[in-house]
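If you want the building blocks of each chain, they are given just below.
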Amino acid sequence: SCAISAGATGTLSNTATVATAGGVTDPTPGNNSATDTDTLTAQANVGITKTDGVTTVTAGGSTTYTISASNAGPSNTLATVADTFPAALTCTWTCAGAGGGSCTASGAGNINDAVTLPTGGSVTYTASCAISAAAAGTLSNTATVTSAAVDPVPGNNTGTDNNPVGSGGESTMTCHP
């Protein structure tokens, strides 16, 4: 039983040989070795989460999303993190890697970033977004991560945050006894 390095690529070949003891002649020396060759297929369980930590947002206000992509392995992978922000948002973002993960340090607008996600690694984006004063309804925003490796659990490759949009205006109420 052998563990294969998470960074291994290409073809894995392993040869076993046998030799006779001194003074013994092998009449068929051509069968004294055997090789097993396997093509390595990278497999990486990548996932993503997205939240702004609030249940409602205000038109004309702001919100900050935390978007985290990670790799549960078993292979290291290159991946793409993407987030197309709704038209009601104007965003700037920063990114930091952990556990060997790497990403573009900062940007503005939508995220479409090539990242490195080793097994156990992650990248976290912090997107600071201004909300249009005309925003209404529900602000729905989805981030995705796509691996260059085979993903055995593709169901965790999207993260969505939904918030009803409240008005930014103040209201007053007068109560009469």
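None of these values were measured; they are calculated from a predicted model. Counting restarts for each chain, with residues numbered from 1 along the sequence as it is written. Reporting in this predicted model follows two pLDDT cut-offs: at least 70 for local features of residues, and 80 or more for side-chain atom pairs to be given and counted; totals over whole chains, interfaces and linings ignore these cut-offs and use all residues. Hydrogen atoms and water are omitted, and side-chain values are computed over all heavy atoms in the structure.

With that settled, consider the overall build of the protein chain. In this description a helix means any DSSP run of H or I spanning at least four residues, a strand means any run of E spanning at least two, and both kinds are numbered starting from the N terminus. Within the protein chain, the secondary structure is distributed over zero helices and twelve strands. Written out in order from the N terminus, the α and β elements of the protein chain read β-β-β-β-β-β-β-β-β-β-β-β. Both definitions apply: the radius of gyration is a C-alpha atom measure, and the globule rule equals 2.2 Å times residues to the power 0.38. Computed over the C-alpha atoms, the radius of gyration of the protein chain is 27 Å, more than 25% above the 16 Å expected from 2.2 N^0.38 for a compact globule of 177 residues. Overall, the C-alpha framework of the protein chain stretches about 115 × 35 × 20 Å when taken along its three principal axes. Note on classification: 1.4 Å probe, protein chains only; a residue is buried when its accessible area is under 20% of the maximum for its type, exposed when over 50%, partly exposed between these limits. Counting all 177 residues of the protein chain, 30% fall into the buried class.

All right, on to the layout of surface pockets then. Volume-wise, the largest pocket comes out at about 150 Å³. Both site types are read off a 1 Å grid over the protein atoms alone. A 1.4 Å probe that fits but cannot get out defines a cavity, while an open set with protein on both sides within 12 Å along at least five of seven lines defines a pocket; lining residues have an atom within 4 Å of a point. Together, Ile-4, Ser-5, Ala-6, Ala-8, Leu-40, Thr-41, Ala-42, Gln-43, Pro-74 and Ser-75 line the largest pocket. Any residue that is not Ala, Val, Leu, Ile, Met, Phe, Trp, Tyr, Cys, Pro, Asp, Glu, Lys or Arg is counted as polar, Gly included; the first ten are nonpolar and the last four charged. Considering only residue class, the lining of the largest pocket consists of six nonpolar, four polar and no charged. Grid points are joined across faces, edges and corners, and a volume is the space filled by probe spheres set on the points.

Time to look at unusual backbone geometry. The omega angle of the peptide bond from Gly-73 to Pro-74 is 15°, so this bond is cis rather than trans. If you trace the backbone, Pro-74 turns up in strand β5 (residues 62–74).

Any Lys or Arg side-chain nitrogen located within 4 Å of an Asp or Glu carboxyl oxygen qualifies as a salt bridge. According to the stated counting rule, one finds one salt bridge in the structure shown. Among the salt bridges present, the one from Lys-50 reaches Asp-83, with a minimum N-O distance of 2.3 Å. Linking Lys-50 in strand β3 (residues 44–51) with Asp-83 in strand β6 (residues 77–83), this pair joins segments that are 33 residues apart in sequence.

Picture the strands of a sheet paired through backbone hydrogen bonds; they go either parallel or antiparallel. When DSSP finds at least two bridges between two strands, those strands are taken to pair. Ordered by their spatial adjacency, five strands build an open sheet running β4-β12-β11-β6-β9, and the pairing between neighbours is mixed. Of all the strands in the sheet, just β4 (57–58) and β9 (111–117) have a single pairing partner and so form its edges. Sheet analysis places β4 next to strand β12 (residues 158–166), joined by two bridges and oriented parallel. In the strand pairing of β12, Thr-58 is matched with Gly-166.

Let us look at the sheet that holds β3. The antiparallel open sheet is built from five strands, whose spatial order is β3-β5-β10-β7-β8. Pairing within the sheet leaves two strands with one partner each, and these edge strands are β3 and β8 (106–108). Going across the sheet, the axis of each strand differs from the next one's by a mean of 15°, ignoring polarity. Of the pairings in the sheet, the one linking strand β7 (residues 89–98) to strand β10 (residues 122–131) comprises ten bridges and is antiparallel in character. Among the inter-strand pairings, Trp-93 is bridged to a residue of β10, identified as Ala-127. As a rule, the C-alpha atoms of each element are fitted with a line to give its axis, helices using only the stretch in contact, and angles between N-to-C directions run from 0 to 180 degrees.

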